[in-house]
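A structural walkthrough
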Amino acid sequence: MPANRPSLDSSLVFGRALISSSGYCMMSDKGSLPDTPHQRHYTWPWFVLGAVVTAIVLAVLWMSKEIERTRRIRDLNAPVPQSGPGAPGGPRQ
């Protein structure tokens, strides 16, 4: 067996790193840890965030319109205040 190859009985090779059975990661031939792959950038969370923000904005707008409509209907159905004892529509005696 050549001297520069590790024994295959107790070690695994991943890329340029050698992980032995004792759990240690040996350095690559450049003397540094192996390069980690770039993290994947997902786009679907941005669509979900956009949908949630849009739903919140629409709910606030809808509720403000409904509150205004309820106030308008309540004001139309409110009894007319009496202006004095001789006013028409006052209580009959």
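All of the points below concern the structure found in this document. Just so it is clear, the model here is predicted, and its values are computed rather than measured.

The final tally for this structure, using the stated rule, is one salt bridge. Of the charged contacts, one joins Glu66 and Arg69 as a salt bridge, the two residues approaching to 3.2 Å between their closest N and O atoms. Of this pair, Glu66 and Arg69 both sit in helix H1 (residues 44-77), separated by three residues, roughly a single helical turn. The exposure class assigned to Glu66 is partly exposed, which follows from its relative accessible area of 26%. The exposure class assigned to Arg69 is partly exposed, which follows from its relative accessible area of 38%.

Basis of the calculations
Residues numbered from 1 in each chain as written. Predicted model: local features only at pLDDT ≥ 70, side-chain atom pairs only at ≥ 80, totals over all residues. Heavy atoms only, no water. Salt bridge = Lys/Arg side-chain N within 4 Å of Asp/Glu carboxyl O. Helix = DSSP H or I, 4+ residues; strand = E, 2+ residues; numbered from the N terminus. Buried < 20%, exposed > 50% of the residue type's maximum accessible area, 1.4 Å probe, protein only.

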